[in-house]
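An overview of the molecular structure
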Amino acid sequence: MPKIGTRKRLLSKQELALVLVTAVWGSTFLIVHIAVQYSGPWFFVGMRFLAAGVISAVIFARVLPGMRWREIGAGSAIGVMIFLGYGLQTVGLQTINSSTSAFITALYVPLVPVLQWIVFRKPPRLLTWIGVALAFTGLMLIADPTSVGFTFGEGEIMTLISTLPIAAEIILISVFARKVNVGRVTVVQLLVAGLLAMLTMPIVGEQLPAFSWVWVVSALALGAASCIIQLTMNWAQRSISPTRATIIYAGEPVWAGIIGRIAGDRLPAIAILGAAFIVAGAVVSELNPRKEAEAERNEGQVGPEGHEQR
């Protein structure tokens, strides 16, 4: 029973950490948008994730000698989804602004339970369908804001397709999370994504870019950011319910929109309304009042020492 006069903080330190990494996450759209003006998309994705893989290998060097085939398989499967998701998203960022890309990408949140229904026959809840409807309405508004039509440019199409492997990545992580060492799988998935992106270059006819500090610094910075974000998420979600975490993550496109606005993006009012629908859809699709109430009752009963270390 809490002490009389004890005040509960608006946000815990774990939630504040997730807000911070979500803001960093949102800024990556603008960084990529700028970087692909100096580099081909697949080369940049390759550099980004190879850098992240090398940094992760240094961080998790202690556990790598025990690598098992199951972890190589799990990491490779997740890596393929990262390669497809971020690769197509980066291709899209060549022709659309960072804010539009971020809001369309947010569709992966309501897509996750729909894919779970298709693959695992686990039917979504009513709130999920409401979230999907809100997100779809928002997509229609943001895709062609001048006429509120149903036409898409190449950048929007590529970004929309990218949400499918991104959603699949989330599902694969949930499938393998309790069966493998997280550190080993993280290294494998990042290196696989980077190598596949590099191998895609000759297939699509992409040439090596001229040297530029823009893509060099951007790739290294995003590689480091990917490691920090993943480590922070793993730490923070030990004591935060999935619903709370997802609602914080749903702020990613909002941060991207704010940063894009500062950088000069100017979305029309109807597109901003569409963006609001997409964010609302992402939040609503993850709401589960009954489960959240149970999490609130159990909060504080199991500390970090109860988390299984792998």
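All figures in this text were calculated on a predicted structure; none of them were measured in a lab.

So, on to the packing of helix α5 (residues 108-120) against helix α7 (residues 154-176). Each pair of packed helices can be summarised by the angle the axes make with each other and by the distance between the axes. Contact geometry for α5 and α7: axes closest at 9 Å, N-to-C directions at 65 degrees. Every pair of crossing elements has a handedness; the one defined by α5 and α7 is right-handed. Only Thr163, Leu164, Ile166, Ala167, Ala168, Ile170, Ile171 and Val175 of α7 make contact with α5, whose side of the interface consists of Tyr108, Leu111, Val112, Leu115, Gln116 and Phe120. Class assignment of the residues belonging to the contact of α5 with α7 gives a composition of twelve nonpolar, two polar and no charged.

What follows concerns α5. With 13 residues, α5 extends 17 Å between its outermost C-alpha atoms, agreeing within 8% with the 18 Å of an ideal straight helix rising 1.5 Å per residue. Looking one or two residues beyond α5, the residue adopting positive phi is Arg121, at roughly 60 degrees.

On to the environment of Gly260, then. In this fold, Gly260 is placed in helix α11 (residues 252-263). Of the residues examined, Gly260 reaches a relative accessible area of 0% and is grouped as buried. Sequence spacing of Gly260 and Ser99 is 161 residues, and the spatial spacing of their C-alpha atoms is 5.7 Å. Among all residues touching Gly260, those that are not within four sequence positions of it are Ser98, Ser99 and Asp265.

Cut-off values and rules
- Residues numbered from 1 in each chain as written.
- Predicted model: local features only at pLDDT ≥ 70, side-chain atom pairs only at ≥ 80, totals over all residues.
- Heavy atoms only, no water.
- Axes fitted to C-alpha atoms, helices over the stretch in contact; angles between N-to-C directions.
- Helix = DSSP H or I, 4+ residues; strand = E, 2+ residues; numbered from the N terminus.
- Left-handed = near helix turned anticlockwise from the far one by under 90°.
- Contact = heavy atoms within 4.5 Å.
- Nonpolar A, V, L, I, M, F, W, Y, C, P; charged D, E, K, R; others polar.
- Expected span 1.5 Å × (residues − 1).
- Buried < 20%, exposed > 50% of the residue type's maximum accessible area, 1.4 Å probe, protein only.

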